Amino acid sequence: MKDLSKDSVTWLEVGEEAEGQRIDNFLLRIAKGVPKSHIYRIVHSGEVRVNKGRVPAEYRLKIGDRLRVPPMRTAERPSQAAVPARDFEIAYEDEALIVIDKPAGVAVHGGSGVSFGVIEQLRRARPQAKFLELAHRLDRDTSGLLVVAKKRAALTRLHDMFRDGAIAKRYLALVKGRWRNELQHVRLPLLKYLTAEGERRVSVNPEGKAAHSIMRLVARWENFSLVEVELKTGRTHQIRVHLAHLGFPIAGDDKYGDFSLNKTLQKTGLGRMFLHAAKLALPHPLSGAPVELAAPLPDELRSFTEKLDKNETRTYGQTF
């Protein structure tokens, strides 16, 4: 995208990366650091024009539209050199989307004390890509399947599908304790709050938003259980909070877990949270064709389950 000028009018032509986007949101995206109030003022006053005519703020852009943007002083862009390019393992890719197998310990985007994440590194590695946007999020310490849109039309459809529950997401989590039920529906409302230190947390609270998880027992040892969790809603920290509230904290969880157990696990080879986005099934956002993907357990998680098999008796489940 052409940089905006602070001294003269800038002319832009809309490509497929902005097709269908509202003009106010488009301007907010390209005019970093410009207050929203200023964006709305220049649209309403007619200083911004599309194909030489005035448009309302809710106008949706079309490919080939010619935009007149008045001079604007934008924030200085951070140096791209500060973001290292990185190639991630690709589980699926076509003209509309990329699904990567995200490693644990990598944030999906910069912010909240993180200077960059997956999306910034992916853009840096693919400078020719006109459009790359996250379709959803994974916690920093969660590994597994992450969807990135390559077209705005795909992103809009993916957002709709995630919101409407049309995308099946299944995770594998190792928890403390002996999980009993082969199948269990968990419907517990979740409420966000901030700690005294300003950290974001979530708790089960009747005043929270509805949250639904389906737990399936995969394997059980003397002191641990492996469960597959299907998300019917996508609340922040949903799996972690639901399991901890039920008395089965995820091994290695540094926010809601058993902290003394975590220290012991670190000494025995588990240095991360055991939560992995293992399966994804969705209709393709453009063609509607079914897409089913799976990401195997990372080596460090699989090796830990192998240690469990050596040190504890498995009382449920076959080798996986």
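Residues numbered from 1 in each chain as written. Predicted model: local features only at pLDDT ≥ 70, side-chain atom pairs only at ≥ 80, totals over all residues. Heavy atoms only, no water.

Visitor: Could you give an account of the overall build of the protein chain, with specific residues and numbers?
Guide: Tallying secondary structure elements over the protein chain gives 7 helices and 15 strands in all. Counting the 320 residues in the protein chain, one finds 45% classified as buried. Summed over all atoms, the accessible surface of the protein chain reaches about 16,700 Å², with 48% contributed by carbon and sulfur. If the 53 positive side-chain charges of the protein chain are averaged to one point and the 39 negative ones to another, these points end up 4 Å apart. (Helix = DSSP H or I, 4+ residues; strand = E, 2+ residues; numbered from the N terminus. Buried < 20%, exposed > 50% of the residue type's maximum accessible area, 1.4 Å probe, protein only. Areas by Shrake-Rupley, 256 points an atom, 1.4 Å probe, with all protein chains shown as cover. Lys, Arg positive; Asp, Glu negative; His and termini not counted. Charge placed at Lys NZ, Arg CZ, Asp CG, Glu CD.)

Visitor: Hey, could you go over empty space enclosed by the protein for me, with residue numbers and the actual values?
Guide: Throughout the structure, instances matching the rule amount to 1 cavity of 30 Å³ or more. Quantified by volume, the largest cavity comes out at close to 40 Å³. Lining of the largest cavity is provided by His136, Leu145, Lys169, Arg170, Tyr171, Ala277, Lys279 and Leu280. Class assignment of the residues belonging to the lining of the largest cavity gives a composition of 4 nonpolar, 1 polar and 3 charged. (1 Å grid on protein atoms, 1.4 Å probe; cavity = no way out; pocket = protein on both sides within 12 Å on 5 of 7 lines; lining within 4 Å. Points joined across faces, edges and corners; volume = space filled by probe spheres on them. Nonpolar A, V, L, I, M, F, W, Y, C, P; charged D, E, K, R; others polar.)

Visitor: A description of unusual backbone geometry should follow, citing residues and the corresponding values.
Guide: Positive phi values are uncommon outside glycine, yet Asn51 reaches one of about 50 degrees. Here Asn51 lies in the loop between strand E2 (49-50) and strand E3 (66-69). Of the residues examined, Asn51 reaches a relative accessible area of 44% and is grouped as partly exposed. Although it is not a glycine, Lys52 sits at a positive phi angle of roughly 70 degrees. Mapped onto the elements of the fold, Lys52 is located in the loop between E2 and E3.

Visitor: Break down the nonpolar core for me, citing the residues and quoting the values.
Guide: Nonpolar side chains tend toward joint burial in soluble globular proteins. If you look at the biggest cluster of nonpolar residues, it comprises 31 residues, and the most contacted ones within it are Ile239, Leu243 and Ile250. Listing elements by their share of this core, those giving two or more residues are strand E5 (97-102), helix H3 (118-125), strand E7 (143-149), strand E8 (168-176), strand E12 (212-220), strand E13 (224-231), helix H5 (238-245) and strand E14 (275-283). Residues in contact with Ile239, not counting those within four places in the same chain, are Tyr171, Val229, Leu231, Ile250 and Leu275. If you look at the next biggest cluster of nonpolar residues, it comprises 22 residues, including Ile23, Leu27, Val50 and Tyr59. (Core = buried A, V, L, I, M, F, W, Y, C linked by side-chain atoms within 4.5 Å. Contact = heavy atoms within 4.5 Å.)

Visitor: Which residues make up the pattern of salt bridges, and what are the values?
Guide: By the definition in use, this model includes 19 salt bridges. Here Asp253 makes a salt bridge to Arg240, at a shortest N to O gap of 2.7 Å. Within this pair, whereas Asp253 is found in the loop between H5 and helix H6 (259-267), its partner Arg240 is found in helix H5, the two being separated by 13 residues in sequence. Note on accessibility: Asp253 and Arg240 belong to one class, buried. Each of the salt bridges in this network shares a partner with another, and the network as a whole consists of Arg170, Arg216, Glu228, Glu230, Lys232 and Lys279. (Salt bridge = Lys/Arg side-chain N within 4 Å of Asp/Glu carboxyl O.)

Visitor: Go over H5, please, and point to the residues and values.
Guide: Residues three or four positions apart in an α-helix share a direction because the helix packs 3.6 residues into each turn. With 6 of 8 residues buried, H5 lies mostly within the body of the structure. Three or more residues of H5 are buried, namely Gln238, Ile239, Arg240, Val241, His242 and Leu243. Within two residues after H5, Gly247 carries a phi angle of roughly 95 degrees, on the positive side.

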